[in-house]
Amino acid sequence: MDGKDTDRPVTSRRPALWGTVAGAVLTVLAVLAANSGKDTVAGTAPGAGTTRTVAVTLAGMRVRPARIEVAAGTVLRLEVTNSDARRHDLKVENGPATPLLDRGETRTLDLGTVTGDREAWCTLPGHRAAGMTMAIVITGVTDDTGHEGHSTAAGPDLSAGFSPGWQPRDADLAPAPGGTVHRTELRAAHTTIEVAPGVKQERWTFGGTAPGPTLRGRVGDVFEITLVNDDRRMGHGIDFHAGSLAPDGPMRTIEPGERLVYRFRAERAGAWLYHCSTAPMLQHIGNGMYGAVVIDPPGLPEVDHEYLLVSSELYLGTPGSTAQVTRMREHTPDAWAFNGVANQYTERPLKAKAGERARFWVVAAGPSDGIAFHVVGTVFDTVYKEGAHLLEPQEAGGSQVLDLAPAQGGFVETTFPEAGHYPFVDHDMRHAEAGAHGMVEVSD
Ligand SMILES: [Cu+2]
């Protein structure tokens, strides 16, 4: 590669955690300050005889802080509180364990004098593997593995908070604008985006967002897109699946500072992908260069809400670095996302009212995963996939999942039966539990 890779090696996992680690250290510092009155110093070695009490929270398949640094010789106490609706415990490697704690229960674990690194985890089946772990790292001793700590948590901490001022991408899909010719300028540029709670990631984008802007029109409309390459470092191109034409000219790669005009007529309805056409597309799509084109089927009825959700994997780290591209090739994403940000609609739910009808347009951007789109608590009475109605309301059947391969698109419709909280997910649970999860809050 270019020798500027700043990723950690592939064997050392999960760059996303560094944000969490920093947060954990701050928490520890805050706890230290809060408890400084209790400290008793009985030796001259750093940490020797000092007592530290650290508040530890169990919630959302995470132990927080996920990492504690203590000086060798410190007497360590963990004040463990379960703030989750379900029960958890915390077991310290070669040390004490709490009993199963109900929500709101607290137990103090006395670890005594700590001299070596330890792990702690929830012992319920599967919780440790899901990321309920904490690393207790002793400072002032050489770690012969050369690593800082041994956190084994997987992926970004999705139970952490988004940064102050963070806003989700609007999932509402606006109606097609008037007119039959739609002109858009798309600028290819690098942008830093908060792609998961507290995780800022450099993205390659069309128009500064990933997904790029959504285009919408009717069958027969003409789209005239001017692509401008504002990226000073590399070439980009664009490919609209909604139009048919010879790729040679309009899909060519343009160099930094160049522009091209891509004109197509949308001859057929559907939920279409567009994406960067420059090789390697795994990297260009995987770093954010994709978006949706919605061409309404003739006679599409009005509904109370129309949402657009573009699904994708997320790969963290320096875009295009050896480490990131290796994860893309090995298909080990750091998270999955709707509209480019893991868990954004869990944090900021979509809103609807009981009895209202919603249409969810879904496009699978990949680059490697499709989606099994499901809305918990609802049955779809309408399914439209790849240009065809598979199910319509007057039929007796119902549908539970819209399944899309990478680059496919469609929509489903449902009516929310009553007030409540309806999660929407990629029903591949590996994806749902790592970011492909949102919520519709339905009120009376
Ligand atoms: Cu590109």
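Since the structure is predicted, the reported quantities are computational estimates derived from the model, not experimental observations.

Caption draft 1: Seen up close, the packing of aromatic side chains. Taken as a whole and assessed by the stated rule, the structure comprises 18 aromatic pairs. With a centroid separation of 5.8 Å and 55 degrees between ring planes, the pair formed by Phe-206 and Tyr-274 is classed as tilted. Note that Phe-206 is positioned in strand β10 (residues 199-206) and Tyr-274 in strand β15 (residues 270-275), a separation of 68 residues in sequence. Given the relative accessible area of 0%, Phe-206 is considered buried.

Caption draft 2: How the structure looks around the sheet that holds strand β25 (residues 409-415). Reading across the sheet, the six strands line up as β18-β17-β20-β25-β22-β23 and stay open at both edges, with mixed pairing between neighbours. Because the sheet does not close on itself, it has two edges, and the strands there are β18 (335-338) and β23 (388-391). Pairs of neighbouring strands in the sheet enclose a mean axial angle of 20 degrees, with direction left out of account. As paired elements, strand β17 (residues 305-314) and β18 share four bridges and run antiparallel to each other. Along β18, the bridge assignment pairs Leu-314 with Ala-335.

Caption draft 3: Fine view of the sheet that holds strand β19 (residues 350-353). Strand order in the open sheet formed by five strands is β19-β27-β26-β21-β24, and the pairing between neighbours is mixed. Two strands in the sheet have a free side with no partner beyond their single neighbour: β19 and β24 (402-404). The average angle at which neighbouring strand axes cross in this sheet is 20 degrees, direction not considered. With three bridges joining them, strand β21 (residues 371-375) and β24 adopt antiparallel strand pairing. Directly across from Phe-373, in β24, lies its bridge partner Leu-402.

Caption draft 4: Focus on the coordination of the copper ion. Bound to the copper ion on the protein side are His-236 (ND1), Cys-276 (SG), His-284 (ND1) and Met-289 (SD), at distances that span 2.0 to 2.6 Å. Because the angles between the four donor atoms bound to the copper ion fall within 86 to 131 degrees, the donor set is best described as tetrahedral. Sequence spacing of the donors to the copper ion: H-x39-C-x7-H-x4-M. Here His-236, found in the loop between β12 (222-229) and β13 (239-240), pairs with His-284, found in helix α2 (residues 281-286); they are 48 residues apart in sequence, far enough to count as distant. Note on accessibility: His-236 and His-284 belong to one class, buried.

Cut-offs and rules
Residues numbered from 1 in each chain as written. Predicted model: local features only at pLDDT ≥ 70, side-chain atom pairs only at ≥ 80, totals over all residues. Heavy atoms only, no water. Phe/Tyr/Trp six-rings, centres within 6.5 Å; stacked < 30°, edge-to-face > 60°. Helix = DSSP H or I, 4+ residues; strand = E, 2+ residues; numbered from the N terminus. Buried < 20%, exposed > 50% of the residue type's maximum accessible area, 1.4 Å probe, protein only. Pairing = 2+ DSSP bridges. Axes fitted to C-alpha atoms, helices over the stretch in contact; angles between N-to-C directions. Donors = N, O, S within 2.8 Å, 3.2 Å for Na, K, Ca; no water. Tetrahedral: all angles 85-135°; square planar, octahedral: opposite > 155°, others 65-115°.

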